[in-house]
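Letter by letter, the chains look like this.
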Amino acid sequence: MAQRFEAPNGPSVEELGLDSERTLNPYVTGTSVIGLKYKDGIILAADTGGSYGSTLRYKSVERIKPIGKHSLIGASGEISDFQEILKYLDELIIYDNMWDDGNSLGPKEVHNYLNRVMYNRRNKFNPLWNSLVLGGVKNGQKYLGVVNMIGTHFEDNHVATGFGNHLARPILRAEWHADLSFEEAVKLVEKCLLVLLYRDRSAINKFQIAKITEEGVTIHPTYSLKTFWGFSAFQNPAKGAEGSW
Amino acid sequence: MFRNQYDTDVTTWSPAGRLFQVEYAMEAVKQGSAAIGLRSATHAVLATVNKASSELSSAQRKVFKVDDHIGVAIAGLTADGRVLSRYLRNECINHSFVYESPLPVGRLVVRLADKAQVCTQRSWKRPYGVGLLVAGLDESGAHLYYNCPSGNYFEYQAFAIGSRSQAAKTFLERKFEAYPNASRDELVKDALFAIKETLQGEKLTSSICTVAVVGADEPFHVLDQKTIQELIDSVETREEAAAEPGAMQEDQGQDVAPMDI
């Protein structure tokens, strides 16, 4: 049910046209997305889990999609809102292609468009509950940016959403450099994904890695990483965190 | 008694398949003072004749900057031209707001043409009495479009509109094949020559013309009067120097157009 906010003597919620349903909390969510620039382009990575609250409800939700010729999008947060965003972007790209005039929307344009959509929806107090990563290459220019449900947006050489911000970014800050080869970049991404798998309860061991270069988009089939649970820190995880569990 | 029965309404066809009101609007473009445009692969140049309608008044502006990458030159009803320029500016700034990138020229011109076309299909409206030369730059290079009151638009390498524009067109038709690889300065020079053609012998000075440039590393801007006057002077001294040896042989001069020497 929509929550009601009404002044005693003011116009009713119905009169203001504010009686519609809003997303007050997300239902099915995806966890972190990681993105980084490497020598030839951009790599995006995410697992394919879809959580229903804290239940790991879906195991093969694709959260990385190509947008037009030059861009890749990765999403965490509400899956149905992401599907809605994909619908907007599909329309946008089709309309852009219909001109057939040699101009095309690049990652920068798509990122800015999404920023406007996200910020506009939050101003209607009806946000699209996502953090989106946008990567792409156009005219030899690499682009990597983030936009979230309240319209905060930025560019960086490496980015991560959700738990990834806390667990993957420090690793990326320490180990990322501009001329990583594809193989090195995948290795670094896998290191981050593994840490997330160990520490983020919503993460699952089924990953999608995608790259975009001047040649185009490649989304690799899903695969799993080898895990090792014998670390001494895993023996008694509550140790050193007395009372919190 | 023999009044035209089919020209009182924009939306009424004549039996010959013509829309007179639309044709009258296109006539207004021909009566406005001339505007010309030309482009290379990387640059586009617009130029207009700006003459005051009376000794006591100033001339009306005929070149408008739409955005950093697009500008227009107009011929016809200046008031309509300003309305359309405002529309174009709006479209550009809205596009920048949403995409943080410049609006492609061709897409802007389609919107402009659609707006002009609507006026030819509504009984309570009138067509815009203005022709616009839209010059700009986008991903696919420099472009020049002509937009007509009828809602038709065409892309050109070089074009001229307004009064006595035929003389400028004849000049440009002879030269346009070299334009794709021409330098910016060559374009500006030929823009001045084309303007001069429309003046029919009257002296070209910087006070009666406007020249504007947009290019790969140069946002759209109107050249200042001093620069234009210097260009005119340098072109004229060169012309006089070229004319000297021709004057020696009297009998050759007469039947050859000055341009062919």
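Here the structure is shown first, and the text comes after it.
Presented here is a report on the structure given in the accompanying data block. (Residues numbered from 1 in each chain as written. Chains lettered and ligands numbered in written order. Predicted model: local features only at pLDDT ≥ 70, side-chain atom pairs only at ≥ 80, totals over all residues. Heavy atoms only, no water.)

## A closer look at the overall build of chain B
Helix and strand counts for chain B come out as seven helices and 10 strands. Relative to the globule expectation of 18 Å for 261 residues, the C-alpha radius of gyration of chain B, 20 Å, shows essentially globular dimensions. Each of the three principal axes of chain B carries a C-alpha extent, and together these read 65 × 60 × 40 Å. When each of the 261 residues of chain B is scored for burial, the buried share is 46%. Relative to all contacts within chain B whose residues are 6 or more apart in sequence, the contacts with residues 24 or more apart total 63%. Only carbon and sulfur atoms are counted for the fraction: they give 52% of the accessible area of chain B, which is about 13600 Å². (Helix = DSSP H or I, 4+ residues; strand = E, 2+ residues; numbered from the N terminus. Rg over C-alpha atoms; globule rule 2.2 N^0.38 Å. Buried < 20%, exposed > 50% of the residue type's maximum accessible area, 1.4 Å probe, protein only. Contact = heavy atoms within 4.5 Å. Areas by Shrake-Rupley, 256 points an atom, 1.4 Å probe, with all protein chains shown as cover.)

## Here's the deal with the overall build of chain A
Along the backbone of chain A there are five helices and 13 strands. Relative to the compact-globule value of 18 Å for 245 residues, chain A shows a C-alpha radius of gyration of 20 Å, a close match. Dimensions of chain A along its principal axes, counting C-alpha atoms only, are 65 × 60 × 30 Å. Counting all 245 residues of chain A, 47% fall into the buried class. In chain A, once contacts between residues fewer than 6 apart in sequence are set aside, the share between residues at least 24 apart is 62%. Total accessible area computed for chain A in this model is approximately 13200 Å², and 52% of it derives from carbon and sulfur atoms.

## Topic: the interface of chain A and chain B
Interface size is commonly expressed as the accessible surface area that is lost when the partners come together. Facing the 14 residues of chain A at the interface are 12 residues of chain B. Both faces considered, chain A and chain B share a buried interface measuring about 1300 Å² in area, 47% of it formed by carbon and sulfur atoms. The tally of links from chain A across to chain B stands at three salt bridges. Here B:Glu139 and A:Lys138 are joined by a salt bridge, their closest N and O atoms 2.9 Å apart. Inspection of the region where chain A meets chain B yields 10 residue pairs in polar contact (both at pLDDT 80 or more). Mapped by element, the contributors of at least two residues to the side of chain A that touches chain B are helix 1 (79-99) and helix 2 (107-123) of chain A. The element contributing the most residues to the side of chain A that touches chain B is helix 2 of chain A, with five residues. Residue composition of the side of chain A that touches chain B, by class: four nonpolar, four polar and six charged. (Buried area = accessible area lost by both parts, 1.4 Å probe. Salt bridge = Lys/Arg side-chain N within 4 Å of Asp/Glu carboxyl O. Polar contact = N/O pair within 3.5 Å; in protein donor to acceptor, adjacent residues only side chain to side chain. Nonpolar A, V, L, I, M, F, W, Y, C, P; charged D, E, K, R; others polar.)

## Section: the nonpolar core
Residues B:Ile36, B:Leu38, B:Val45, B:Leu172, B:Tyr179 and B:Val211 are the most contacted members of the largest nonpolar core, which totals 30 residues. Among the elements of the structure, strand 1 (35-39), strand 2 (43-49), strand 8 (158-161), helix 4 (165-175), helix 5 (184-199), strand 9 (209-215) and helix 6 (225-248) of chain B are those that each provide at least two residues to this core. If sequence neighbours within four positions are ignored, B:Tyr179 has contacts with B:Leu38, B:Arg39, B:Ser40, B:Gln157, B:Ala158, B:Phe171, B:Leu172, B:Leu187 and B:Asp190. By size, the runner-up hydrophobic cluster in this structure holds 24 residues, among which are A:Tyr38, A:Trp176, A:Leu180 and A:Leu193. (Core = buried A, V, L, I, M, F, W, Y, C linked by side-chain atoms within 4.5 Å.)

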